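In case you want the letters, here they are:
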Amino acid sequence: TTALLESVQEKERIYAGIEIGAKGVKLSVVGIRLTVDGVYDYSIKHDESFNANIVQMTDKAIEDAIKAANGFIETARKTYQVEESHIFVVASSGVKQVAEQKNMLASVEKKLQNGIKSSKPVRFI
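All figures in this text were calculated on a predicted structure; none of them were measured in a lab.

What the chain contains, in helices and strands, is four helices and five strands. Start at the N end of the chain and walk to the C end: the helices and strands fall as α-β-β-β-α-β-α-α-β. By principal-axis analysis of the C-alpha atoms, the chain measures approximately 50 × 25 × 20 Å. Intrachain contacts of the chain at a sequence separation of at least 6 include 58% that bridge at least 24 residues. With the model as given, the accessible surface of the chain reaches about 7,400 Å², and the carbon-plus-sulfur share is 52%.

If you want it as structure tokens, here you go:
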């Protein structure tokens, strides 16, 4: 019934996705609404990236990625009023692959979990 009511009102929900990738940290803020026709419509509110070069797997590169992700979380919260439950942080399979090759996966995962200020765990995709 909530979805039906929201479709009649065409209420927009705002989500933020932050990806820690091999080529940098990226933020996408998206508005999604269910139309009266039952179709999901979305609009890009904001796209931004920062080249943290985490695949170097140095302490500085990992800290730069964490700092960028936390900055993007703040942008999503403050500038776009994204609810905490609508913010998702993931690390890419490319980052996972490099971390595994360097036998650093557990260490990198721990640093990301401890450093990133999100209510949800950071997941590798």
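Another point: the sheet that holds strand β4 (residues 87-91). Taken in spatial order, the five strands line up as β3-β2-β1-β4-β5 in an open sheet, and their pairing is mixed. Whereas interior strands pair on both sides, the edge strands pair on one side only; in this sheet they are β3 (40-50) and β5 (123-124). Two strands pair when backbone bridges link them, and strand β1 (residues 12-21) and strand β2 (residues 24-34) are joined in this way by ten bridges, in the antiparallel orientation. The residue of β2 that forms the bridge with Tyr-15 is Val-30.

Scanning the model with the defined rule gives eight salt bridges in all. Notably, a salt bridge pairs Lys-111 with Asp-59, separated by 2.8 Å at the nearest N-O pair. Taken as a pair, Lys-111 in helix α4 (residues 105-115) and Asp-59 in helix α2 (residues 59-80) lie far apart in primary sequence, 52 residues in all. Residue classification places Lys-111 among the partly exposed residues on the basis of a relative accessible area of 26%.

Let us now look at the environment of Val-39. Tracing the sequence through the fold places Val-39 in the loop between β2 and β3. In this structure, Val-39 is in contact with Arg-33 and Leu-34, ignoring residues within four places of it in sequence.

Taken together, β1 and the strand that follows it, β2, pair antiparallel across an intervening segment of two residues. Of the pairings in the sheet, the one linking β1 to β4 comprises five bridges and is parallel in character. In the strand pairing of β4, Ile-18 is matched with Val-89.

Further remarks concern α4. Among all positions of α4, only Leu-105, Val-108 and Leu-112 are buried. Projected down its long axis, α4 shows its buried positions confined to an angular sector of 70°, all on one face. In α4, the exposed positions that point more than 90 degrees away from the buried face belong to Ala-106, Lys-110 and Asn-114. Buried residues along α4 sit in contact with β1, α2, β4, α3 (93-101) and β5.

Along the chain, Ser-118 falls in the loop between α4 and β5. Among the polar contacts listed, one links the side chain of Ser-118 to the backbone nitrogen of Lys-120, at a separation of 3.3 Å.

Calculation criteria
- Sequence order as written defines residue numbering, which begins from 1 separately in each chain.
- pLDDT decides what is reported in this predicted model: residues at 70 or higher carry local features, side-chain atom pairs at 80 or more are listed and counted, and totals for whole chains, interfaces and linings draw on all residues regardless.
- The basis for the side-chain values is all heavy atoms of the structure; hydrogens and waters are excluded.
- Starting at the N terminus, helices and strands are each numbered in turn, a helix being any DSSP run of H or I of at least four residues and a strand any DSSP run of E of at least two.
- Throughout, a contact is declared for two residues whenever any of their heavy atoms are within 4.5 Å.
- The Shrake-Rupley method, run with a 1.4 Å probe sphere, supplies the accessible areas, and residue values consider only the shown protein chains as cover.
- By this definition, two strands are paired if DSSP reports at least two bridges between them.
- Whenever Lys or Arg places a side-chain nitrogen within 4 Å of a carboxyl oxygen from Asp or Glu, that contact is recorded as a salt bridge.
- Note on classification: 1.4 Å probe, protein chains only; a residue is buried when its accessible area is under 20% of the maximum for its type, exposed when over 50%, partly exposed between these limits.
- The directions considered for the arc run from the helix axis to the C-beta atoms.
- Under the rule applied, a polar contact is a pair of N or O atoms within 3.5 Å (in protein, one hydrogen donor and one hydrogen acceptor; residues adjacent in sequence only if both atoms are side-chain atoms).

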